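Coordinates in review
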Amino acid sequence: MTEPENSKGQPELFPAALFGLCPSCGQKTLFRSVTAFADHCRSCGLDYERYNVGDGPAAFLTLIVGGLILALALIVELSFYPPIWVHLILWFPLTIAAVVGSLRISKAALLILEHRNQAREGRVDGREP
């Protein structure tokens, strides 16, 4: 299923999350470091601090990536019986890259979805508490 045509000039969800694009103007201004959001968009001025992404993606992705890496490590061990140094060289960098990369994409996707859906704290159906 494809997303509906975007008439406001905003980037699509996956490319915007992958490249750290501003959900409003589409410029590459979402992150100031690897996984930390910038305070605001340098192009259109959108305030990123008003969105609350939280730490949910970090815990969730660490468990998922950890399970996948463990499964791959067991497959490699039971298939090839490599020495321990091969595991150390292979799995530590792969785990770090997978967690950081997926964390960056998931945090960006959550912020973009919050922006598009105009999500705010304490509001479920559009009515103020």
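Parameters at a glance
Residues numbered from 1 in each chain as written. Predicted model: local features only at pLDDT ≥ 70, side-chain atom pairs only at ≥ 80, totals over all residues. Heavy atoms only, no water. Helix = DSSP H or I, 4+ residues; strand = E, 2+ residues; numbered from the N terminus. Buried < 20%, exposed > 50% of the residue type's maximum accessible area, 1.4 Å probe, protein only. Polar contact = N/O pair within 3.5 Å; in protein donor to acceptor, adjacent residues only side chain to side chain. Contact = heavy atoms within 4.5 Å. Axes fitted to C-alpha atoms, helices over the stretch in contact; angles between N-to-C directions. Parallel < 35°, antiparallel > 145°, perpendicular 65-115°, else oblique. Left-handed = near helix turned anticlockwise from the far one by under 90°. Expected span 1.5 Å × (residues − 1). Core = buried A, V, L, I, M, F, W, Y, C linked by side-chain atoms within 4.5 Å. Lys, Arg positive; Asp, Glu negative; His and termini not counted. Salt bridge = Lys/Arg side-chain N within 4 Å of Asp/Glu carboxyl O. Patch = residues over 30% accessible without salt bridge, like charges linked within 9 Å, V, L, I, M, F, W, Y side chains within 5 Å. Areas by Shrake-Rupley, 256 points an atom, 1.4 Å probe, with all protein chains shown as cover. pLDDT = per-residue confidence, 0-100.

Thoughts on the side chain of Thr29
By secondary structure assignment, the location of Thr29 is in the loop between α1 (13-19) and α2 (56-80). Using a relative accessible area of 5% as the deciding quantity, one classes Thr29 as buried. Looking at Thr29, its side chain comes within polar contact range of the side chain of Tyr48, at 3.1 Å. With residues up to four places along the chain from it excluded, the contact list for Thr29 reads Gly20, Cys22, Ala38, His40, Cys41, Arg42, Ser43 and Tyr48.

Overview of the packing of α2 against helix α3 (residues 84-117)
Relative orientation of the contacting elements α2 and α3 amounts to 150°, with a least axis distance of 9 Å. By the angle between their axes, α2 is roughly antiparallel relative to α3. For α2 against α3, the interelement crossing comes out right-handed. The segment α2 lies against α3, with Pro57, Ala58, Leu61, Thr62, Val65, Ile69, Leu72, Ala73, Val76 and Glu77 engaging His87, Trp91, Leu94, Thr95, Ala98, Val99, Ser102, Leu103, Ser106, Lys107 and Leu110.

Here we look at α2
In this model, α2 (25 residues) spans 36 Å end to end at C-alpha, consistent with the 36 Å of a helix rising 1.5 Å per residue. Buried residues in α2 make contact with α3. A positive phi of about 50° marks Tyr81, the residue just after α2.

Details of the nonpolar core
With 18 residues, the main nonpolar core has Leu30, Phe37, Leu46, Tyr48 and Leu111 as its most contacted residues. Mapped onto this core, the elements with two or more residues apiece are α1 and α3. Here this core takes 4 residues from α3, the largest share from any one element. With sequence-adjacent residues up to four places away left out, Tyr48 is seen in contact with Cys22, Pro23, Thr29, Leu30, Ala38, Asp39, His40, Cys41 and Leu111. Counting 6 residues, the second-largest nonpolar core is a separate cluster that includes Val65, Ile69, Ala73 and Val99.

What about the side chain of Lys107?
When you line up the elements, Lys107 lands in helix α3. For the buried Lys107, which has no salt bridge, the nearest side chain bearing the opposite charge is Asp55, at an N-O separation of 6.2 Å.

Re a nonpolar patch on the surface
Taken together, Ile84, Trp85, Leu88, Ile89 and Phe92 make up a surface patch of nonpolar side chains, about 600 Å² in accessible area. Taking relative accessible area as the criterion, Leu88 reaches 44% and is therefore assigned partly exposed.

A short note on the confidence of the model for the protein chain
On average, residues of the protein chain score 88 in pLDDT, and 88% of them are at 70 or above. Across residues 1-5, where pLDDT falls below 50, the model places 4 contacts with residues more than four positions away in sequence or in other chains.

Examining the pattern of salt bridges
The final tally for this structure, using the stated rule, is 1 salt bridge. Put simply, Arg32 and Asp39 hold a salt bridge, and the shortest N to O gap is 3.7 Å. For Arg32, a relative accessible area of 58% corresponds to the exposed category.

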